[in-house]
Amino acid sequence: MTGLSHIDEAGRARMVDVSDKPVTLRMAEARGQLRCAPAALALVRSGETPKGNVIGTAELAGVMAAKQTASLIPLCHPLPLTQVAVEIALDESLPGFAVTARVRTCGQTGVEMEALTGVSVACLTLFDMLKAVDRTMEIGAIRVVAKAGGRSGPWPG
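Residues numbered from 1 in each chain as written. Predicted model: local features only at pLDDT ≥ 70, side-chain atom pairs only at ≥ 80, totals over all residues. Heavy atoms only, no water.

## Considerations on the environment of cysteine 36
So, step 1. Note on placement: cysteine 36 falls in the loop between strand S1 (24-35) and helix H1 (38-46).
So, step 2. Residue class for cysteine 36 comes out buried when judged on its relative accessible area of 7%.
So, step 3. Beyond its immediate sequence surroundings of up to four residues, cysteine 36 is in contact with Leu41, Pro95, Gly96, Phe97, Asp134 and Met137. (Helix = DSSP H or I, 4+ residues; strand = E, 2+ residues; numbered from the N terminus. Buried < 20%, exposed > 50% of the residue type's maximum accessible area, 1.4 Å probe, protein only. Contact = heavy atoms within 4.5 Å.)

## Regarding the state of the cysteines
So, step 1. Using the criterion set out here, one finds zero disulfides in the structure.
So, step 2. We note that cysteine 76 lacks a disulfide partner, and the nearest cysteine sulfur, in cysteine 123, lies 18 Å from it.
So, step 3. In this structure cysteine 76 comes out as buried when scored by relative accessible area, which is 12%.
So, step 4. No disulfide involves cysteine 106; its sulfur sits 19 Å from the nearest other cysteine sulfur, which is in cysteine 76. (Disulfide = S-S within 2.5 Å.)

## Quick notes on the environment of alanine 37
So, step 1. Its location among the elements puts alanine 37 in the loop between S1 and H1.
So, step 2. Spatially, the C-alpha atom of alanine 37 lies 6.6 Å from that of aspartate 134, the residues being 97 residues apart in sequence.

## Considering the sheet that holds strand S4 (residues 138-148)
So, step 1. Across the sheet, four strands lie side by side as S2-S3-S1-S4; this open sheet has antiparallel pairing. Only two strands of the sheet have a single partner each, and these edge strands are strand S2 (81-91) and S4. Looking at each pair of strands side by side, their axes are set apart by 15° on average, direction ignored.
So, step 2. Of the strands in this sheet, S2 and strand S3 (96-107) touch helix H2 (residues 54-66), which is tilted by about 150° from S2. (Pairing = 2+ DSSP bridges. Axes fitted to C-alpha atoms, helices over the stretch in contact; angles between N-to-C directions.)

## Looking at the nonpolar core
The tendency in soluble globular proteins is for nonpolar side chains to be buried side by side.
So, step 1. Counting residues in each nonpolar core, the largest one holds 28 residues, and the members touching the most others are Cys36, Ile88, Phe97, Val99 and Leu126.
So, step 2. In terms of residue count, the dominant contributor to this core is helix H4 (residues 112-130) (eight residues).
So, step 3. The contacts of valine 99, once residues within four sequence positions are left out, are Ala30, Arg31, Gly32, Val86, Glu87, Ile88, Val119, Ala122, Cys123 and Leu126. (Core = buried A, V, L, I, M, F, W, Y, C linked by side-chain atoms within 4.5 Å.)

## Observations regarding the packing of H2 against H4
So, step 1. In the contact formed by H2 and H4, the axes pass within 7 Å of each other and the chain directions differ by 145°. Seen along the crossing, H2 lies across H4 with a hand that is right-handed. Residues Val54, Thr57, Ala58, Ala61, Gly62, Ala65 and Ala66 of H2 form the contact with H4, whose own contacting residues are Glu114, Thr117, Gly118, Val121, Ala122, Thr125, Leu126, Met129 and Leu130.
So, step 2. A per-class count over the contact of H2 with H4 returns 10 nonpolar, five polar and one charged. (Left-handed = near helix turned anticlockwise from the far one by under 90°. Nonpolar A, V, L, I, M, F, W, Y, C, P; charged D, E, K, R; others polar.)

## Here we look at the pattern of salt bridges
So, step 1. If you walk through the whole model with that rule in mind, you get seven salt bridges.
So, step 2. Lysine 51 serves as the salt-bridge partner of aspartate 128, at 3.8 Å between the closest nitrogen and oxygen. Of this pair, aspartate 128 sits in helix H4 while lysine 51 sits in the loop between H1 and H2, and the two are 77 residues apart along the sequence.
So, step 3. Aspartate 128 gets classed as partly exposed once you look at its relative accessible area, which sits at 35%.
So, step 4. Among the salt bridges present, the one from lysine 147 reaches glutamate 112, with a minimum N-O distance of 3.8 Å. Linking lysine 147 in strand S4 with glutamate 112 in helix H4, this pair joins segments that are 35 residues apart in sequence.
So, step 5. Judged by its relative accessible area of 21%, glutamate 112 is partly exposed. (Salt bridge = Lys/Arg side-chain N within 4 Å of Asp/Glu carboxyl O.)

Next comes the structure, spelled out in C-alpha cells:
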C-alpha cells in the first residue's frame, strides 16, 4: 500500500470510498488574486471595460465552476453544494482584485476543491475580460484559508 488514499495497491488511481463517513456540514473558503495595471483597475472601477461587467461576470463564472468541480478534477466526488458565494473586490494595494469563494454542503467529504475551483475560474475570467487592456496581469496566491466539518474539524483551529 502506498499510503496515498487515491492510489490502490497496484498503483492505479481511484476515487476514495467515503460511504462509511458520516454526513456533516462542510465548509471551505479559498482566496486568490489577480494583479493588473492600475489603468485596468481604473477601467473596471469606472465601468468602461470593453467586455462589460467584469466583476459580475467573473463572480458568476466562479459559482458555475465550483458546481462543475467533479467534472474537472478526475477523483473529486460530485457533491450537492448547498451554497457557493464568490466575491471579488478591487484591491488598490496589489493593484488588482482579491477573490474569495465560500462553499458549503452537507456531505461525507469536504469542499476545498470546489472553493479552489471557484477562485481559480473567477481569476481566469477576470484575465479573459481584461486581456485586451492589460497583458501584464498575473494570477496568484490561490489557497484554502479555512475549512470546517468532517473528522479533522475546523481549520485553522
